[in-house]
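# Structural description and commentary
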Amino acid sequence: MQYRKLGKTGLCVSEIGLGGEWLERHSREEVEQVVARCEERGINILDCWMSEPNVRTNIGKALAGRREKWYIQGHIGSTWQNGQYVRTRELEPVKIAFEDLLNRLGTDYIDLGMIHFVDEPAEFHRIMEGEFYRYVKQLKEEGRIHHIGLSTHNPAVGKLAAESGEIEMFLFSVNPAFDMLPATEHLDDYFAERYEENLGGIDPKRAELYRICERNQVGITVMKGYAGGRLFSANRSPFGVALTPVQCIHYALTRPSVASIMVGFDTVEHVEEAVAYETATMEEKDYASILAKAPRHGYYGQCTYCGHCAPCPAGIDIAMVNKLYDLATMQEQVPDTLTAHYKQLTANADACIGCRGCESRCPFGVRIAERMVKTREKFGQGVSSCQR
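So, a few notes on the structure that sits alongside this text. Everything numeric in this text was worked out from a predicted model, so none of it was measured.

So, on to the nonpolar core. Ranked by size, the top nonpolar core spans 110 residues in total, and within it Ile 59, Ile 115, Phe 170 and Phe 265 carry the most contacts. Aside from chain neighbours lying at most four places away, what touches Phe 170 is Met 114, Leu 150, Thr 152, Gly 158, Ala 161, Ala 162, Leu 209, Cys 213, Val 218, Gly 219, Ile 220 and Thr 221. Counting residues in hydrophobic clusters, the runner-up holds eleven residues, among them Ile 45, Met 114, Leu 171 and Ala 259.

Here's what the structure looks like:
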């Protein structure tokens, strides 16, 4: 495993990290297996943005006796209310959730205290000028967080953070689909040279953000490096070509100021697929020649299962419903096991009331209400209230 300095935090983190999101659906034993395998392979940083209590407890049990071997990227503003994830800036639930995070992880500090999910410049200013940031700064002064970070999908917010002098690093969505210019541009020109040598193919705002971070020594950890797995399939990829986990990891790690990519692991096999990057050849890592031959390009409106659509007034786990729907559409006939998993959800697409509140929170413009209708049809449950 190779290690990189995370900006001016001074932390030396593994270039492949553990994104904890998909551990939510696993038992304590399975979580412990994944965490142990990560540690065996040299991974030393994990991201825990999830507020769901059980996964926090399971991760804490897995870290017992080995806390000092890990850098924890813990989120402030991700709360659990009425059995659902709620992003909020209200201090009372924020404080409760932070204490819960410490208690369940079995630690008295978080290495990287992340201001959770800020995607609008106006919100960034409200946070930094108000009581929320004062609380975060107090946590740092008390030693309960060691560094102040932030998570965002918006390069404009990333730029504000990188120039603020207050945010030391941030978690940002990076993959080829998010970085490229629209399909009307000439891809062959973009990929004439390797990306690590020429950033000309990246959207100017994102290219500027990477340069600012490099200049200001603001480190980046990466989320959405696989685009929810879509980049692994030519049929589902916006480019019309398939990439490998190694190629996606290499793309992220060749962006300026990127220190680590947080990969979501369901199983120990997924850990092995990611750490194979460390021994891969340059030919195996090369994404540029693959994308240069892509028949199409563009990315918008597809779910990456990030969970920011929550909370749902009907109690639907929207990210999981979307994931099951996408898995179902990849097969001619929906497997019984998939149908059973779908029907075992506390609330599925049948419960959708079509309010579209989730759509206002989605960073990627997904038409969630329409997908709920399609999900009902796919799993054979008739007409959703979204159509009424």
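Continuing now.
This next bit is on empty space enclosed by the protein. Evaluation of the coordinates by the stated rule reveals two cavities of 30 Å³ or more. Taken as a whole, the largest cavity spans an internal volume of roughly 100 Å³. Around the largest cavity, the lining comprises 16 residues; the ones closest to its centre are Cys 312, Ile 318, Cys 352, Cys 355 and Cys 358. When contributions to the lining of the largest cavity are tallied by element, the ones reaching two or more residues are α16 (357-361) and α17 (368-378). Considered class by class, the residues forming the lining of the largest cavity number twelve nonpolar, two polar and two charged.

With that settled, the discussion passes to the sheet that holds strand β8 (residues 110-115). Spatially, the eight strands close up into a barrel ordered β3-β4-β5-β8-β9-β10-β11-β12, and their pairing is parallel. If you compare each strand with its neighbour and ignore which way they point, the axes differ by 30° on average. When strand β11 (residues 219-223) meets strand β12 (residues 258-264), the two strands line up parallel, connected through three bridges. Looking at β12, one finds that Val 222 is bridged to Ile 261. Where helix α3 (residues 91-105) meets the sheet, its contacts fall on β4 (45-48), β5 (71-76), β8 and β9 (145-152), and the angle it forms with β5 comes to roughly 155°.

For the rest of this paragraph, the subject is the pattern of salt bridges. Summed over all chains, the structure comprises 23 salt bridges. The salt bridge involving Glu 272 is made with Arg 37; its shortest N-O contact spans 3.0 Å. Taken together, the residues span a long stretch of sequence, with Glu 272 in helix α11 (residues 268-275) and Arg 37 in helix α1 (residues 28-40) at a distance of 235 residues. For Asp 266, the salt bridge is made with Lys 323, and the minimal N-O distance between the two is 3.7 Å. One end of the pair, Asp 266, is in the loop between β12 and α11; the other, Lys 323, is in helix α14 (residues 318-329), with 57 residues separating them in the sequence. Given the relative accessible area of 18%, Lys 323 is considered buried. Salt bridges sharing common partners tie together Arg 37, Glu 40, Arg 41 and Glu 272.

Definitions and limits used
Per-chain numbering applies: the sequence of each chain, read as written, is numbered from 1 onward. Confidence filtering applies because this is a predicted model: local features only for residues at pLDDT of at least 70, side-chain atom pairs given and counted only at 80 or more, and all residues used for totals across whole chains, interfaces and linings. Excluding hydrogens and water, the side-chain figures rest on all heavy atoms present in the structure. Here, nonpolar core refers to any group of buried Ala, Val, Leu, Ile, Met, Phe, Trp, Tyr and Cys residues whose side-chain atoms link them within 4.5 Å. Buried residues are those whose accessible area, probed at 1.4 Å on protein chains only, stays under 20% of the maximum for their type, while exposed residues exceed 50% and partly exposed ones sit between those limits. Only heavy atoms enter the contact rule, under which two residues are in contact if any of them lie within 4.5 Å. Lining residues are those with an atom within 4 Å of a point, where the points come from a 1 Å grid over the protein atoms alone and group into cavities, where a 1.4 Å probe fits but cannot get out, or pockets, open sets with protein on both sides within 12 Å along at least five of seven lines. Grid points are joined across faces, edges and corners, and a volume is the space filled by probe spheres set on the points. Put simply, DSSP marks the helices as runs of H or I at least four residues long and the strands as runs of E at least two long, and each gets a number from the N terminus on. The residue classification treats Ala, Val, Leu, Ile, Met, Phe, Trp, Tyr, Cys and Pro as nonpolar and Asp, Glu, Lys and Arg as charged. All others, Gly included, are polar. By definition, two strands form a pair when at least two bridges between them are found by DSSP. Only the stretch in contact is used when fitting a helix axis, every axis being a line fitted to C-alpha atoms; angles between N-to-C directions are given from 0 to 180 degrees. The rule for a salt bridge is simple: a side-chain nitrogen of Lys or Arg has to be within 4 Å of a carboxyl oxygen of Asp or Glu.

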